[in-house]
Amino acid sequence: MKKRIFSGIRPTGPLHIGNYLGAIKNWLQLQNEYDSVFCIVDLHALTTPNASKGLKKKVFDLATTYLAAGLNPKKCILFVQSQVPEHTELTWLLNTVTPIAELERMTQFKDKAKEHRSNVNMGLFDYPVLMAADILIYQTDLVPVGEDQRQHVEMARTIARKFNQTYGATFKVPEVLIREQGAKILALDNPLKKMSKSSPNLYSRINLTDSPDEIQEKIKRAITDSGKEITYNPQKPALANLITIYSAFSKLSASQIEKKYQGKGYAQFKTDLANVIIKALKPFQAKKKALEQEPEQVKKILEQSAKQAQAIARKNLKEAKQKMGLI
Ligand code: AMP
Ligand code: TRP
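Residues numbered from 1 in each chain as written. Chains lettered and ligands numbered in written order. Predicted model: local features only at pLDDT ≥ 70, side-chain atom pairs only at ≥ 80, totals over all residues. Heavy atoms only, no water.

Section: the domain arrangement of the protein
Partitioning the protein into structural domains gives domain 1 (4-183 + 295-323) and domain 2 (202-289). Each of domain 1 and domain 2 has a C-alpha centre, and the two are 30 Å apart. On the side of domain 2, 13 residues touch domain 1, which itself brings 15 residues to the contact. Here domain 1 packs against domain 2, burying approximately 1,300 Å² in sum over the two surfaces, 70% of which is carbon and sulfur. Along the contact surface separating domain 1 from domain 2 lie one salt bridge. When the shortest N-O distance is used, the salt bridge between D61 and K288 registers 2.5 Å. Put simply, domain 1 and domain 2 have five residue pairs in polar contact (both at pLDDT 80 or more) between them. Of all the secondary structure elements, the ones that give two or more residues to the side of domain 1 that touches domain 2 are α1 (17-33) and α3 (55-69). For the side of domain 1 that touches domain 2, the element with the highest residue contribution is α3, accounting for six residues. When its residues are assigned to classes, the side of domain 1 that touches domain 2 shows eight nonpolar, five polar and two charged. (Domains from an automatic or database assignment. Contact = heavy atoms within 4.5 Å. Buried area = accessible area lost by both parts, 1.4 Å probe. Salt bridge = Lys/Arg side-chain N within 4 Å of Asp/Glu carboxyl O. Polar contact = N/O pair within 3.5 Å; in protein donor to acceptor, adjacent residues only side chain to side chain. Helix = DSSP H or I, 4+ residues; strand = E, 2+ residues; numbered from the N terminus. Nonpolar A, V, L, I, M, F, W, Y, C, P; charged D, E, K, R; others polar.)

Observations regarding the site of ligand 1
Around ligand 1 lies a shell of 18 residues, among which R10, G146, D148, I185 and M195 are the nearest. Here an oxygen atom of ligand 1 and a side-chain polar atom of D148 are 2.5 Å apart. Between I185 and ligand 1, the recorded distance is 2.7 Å, taken from a backbone N or O atom to a nitrogen atom. If ligand 1 stood free it would expose 480 Å²; the protein chains cover 95% of that surface. When residues of the shell around ligand 1 are assigned to their parent elements, the largest contribution, four residues, is made by α1. Classifying every residue of the shell around ligand 1 by side-chain character gives six nonpolar, seven polar and five charged. (Near = heavy atom within 4 Å. Areas by Shrake-Rupley, 256 points an atom, 1.4 Å probe, with all protein chains shown as cover.)

What to know about the nonpolar core
Formed by 60 residues in total, the largest nonpolar core has its most connected members in I24, W27, Y66, F249, F269 and I277. Ranked by residue count, the leading element in this core is helix α12 (residues 266-292), at 10 residues. When we break this core down by domain, the ones giving at least three residues each are domain 1 (4-183 + 295-323) and domain 2 (202-289). With sequence-adjacent residues up to four places away left out, W27 is seen in contact with S7, G8, I9, F38, Y66, L71 and P144. By size, the runner-up hydrophobic cluster in this structure holds 42 residues, among which are C39, L124, A306 and A313. (Core = buried A, V, L, I, M, F, W, Y, C linked by side-chain atoms within 4.5 Å. Buried < 20%, exposed > 50% of the residue type's maximum accessible area, 1.4 Å probe, protein only.)

Things to note about helix α13 (residues 295-323)
Taking 1.5 Å as the rise per residue, α13 with 29 residues should run 42 Å; its terminal C-alpha atoms sit 41 Å apart, in good agreement. Along α13, the residues classified as buried are V298, I301, L302, S305, A306, A309, Q310, I312, A313, N316, L317 and A320. Once α13 ends, the next one or two residues include G325, with phi positive near 80°. (Expected span 1.5 Å × (residues − 1).)

A few points about the packing of aromatic side chains
Tallied over the entire structure, the rule returns 11 aromatic pairs. Ring centres of F6 and Y138 lie 5.4 Å apart, and the angle between their planes is 15°; this geometry places the pair in the stacked category. Within this pair, whereas F6 is found in strand β1 (residues 4-9), its partner Y138 is found in the loop between α7 (122-136) and β4 (142-144), the two being separated by 132 residues in sequence. The pair F6 / Y138 is uniform in exposure class, with both members buried. With a centroid separation of 5.7 Å and 15° between ring planes, the pair formed by Y246 and F269 is classed as stacked. In this pair, Y246 is assigned in helix α10 (residues 237-250) and F269 in helix α12, connecting sequence segments 23 residues apart. Looking at Y246, the relative accessible area reads 2%, which means it is buried. Chaining the aromatic ring pairs together yields one cluster made of F6, F79 and Y138. In this structure, R221 is placed above the aromatic ring of Y203, and the distance from its NZ or CZ to the ring centre is 3.8 Å. The ring centre of Y261 lies 5.9 Å from the NZ or CZ of K264, which sits over that ring. (Phe/Tyr/Trp six-rings, centres within 6.5 Å; stacked < 30°, edge-to-face > 60°. Lys NZ or Arg CZ within 6 Å of the ring centre and 35° of its normal.)

Observations regarding the packing of helix α9 (residues 212-221) against α12
Running from amino to carboxyl end, α9 crosses α12 at an angle of 145°, the nearest separation of the two axes being 9 Å. In this structure, the crossing between α9 and α12 has a hand that is right-handed. Contacts from P212, I215, Q216, I219, K220 and R221 of α9 reach α12 at K270, T271, L273, A274, N275, I277, I278 and L281. Per-class residue counts for the contact of α9 with α12 are eight nonpolar, three polar and three charged. (Axes fitted to C-alpha atoms, helices over the stretch in contact; angles between N-to-C directions. Left-handed = near helix turned anticlockwise from the far one by under 90°.)

This is how it looks when you write it as structure tokens:
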């Protein structure tokens, strides 16, 4: 039997190249090798302020992004979290075995709580438990995510073990799967931060739907380190980040890129980098536009996938409830 993978992204606005390189690009290969479940985690999105504004549109936008990027509903399950309510039911059950002290250690919670001090809601705190439910309810073997989500997958492992200890072997303990290249793409305006959907500075990220002009302009403005040489050096994180992006979109290795730009300056490198990104995104952008004209077809794919997901989720939820003495 094939091993199962599960992953998800929150529908909180257009995806950037960090999401693509850190998550979706890996999924495209994985869907060929694994029994794959990919989710649009709309319930997680609700933990951030104002997320419900235009939420349906954001869900549709993420669905067309998944499909245009190459996720194939014939090879994987591709569904919306809230359409399979078993996730939320399992969340409650898992809450009863989750130590609060562990949740208090979550760096994402601490960061977000600082970020929106006036809206530190219970959902934000419980976020990792809902995520554990997403993963465990499918008896997932592997969870492909970016580095920033490692701690949450650890939490899912802790919860699975705790549940199994308390009620007997029920859930698989999932492993995290993080690819080296593109695991963390940094913000173009600040190499100390990751590229993020929520940064107020539009020049900090390149969205997958950006026009060629926007991409040229954003790369032009991207900060670089002192010096003139195009060399990959972790001590120069801004340039290293741009080389990582170049490499990911062009199939050239970092050292091939260094060679190519020997004796050439940042200007040439940046113009070429922008062109590499523009070229790589072009087929995606055309496909996404076409899908946007077919909302019924997209809806049908999501509904069929939700049914497939629900069949698995229902069975595993039932087992958990039996173990807990509920049925
Ligand atoms: P988010 O935008 O936080 O919902 O993240 C969706 C997925 O993209 C997760 O698997 C993240 O780990 C990944 N991701 C988000 N930002 C980055 C980044 N800057 N570099 C690499 N992966 C990222
Ligand atoms: N928390 C993840 C993120 O912010 C999204 C997510 C929700 C997820 N449930 C998941 C990722 C389950 C992997 C598996 O990126």
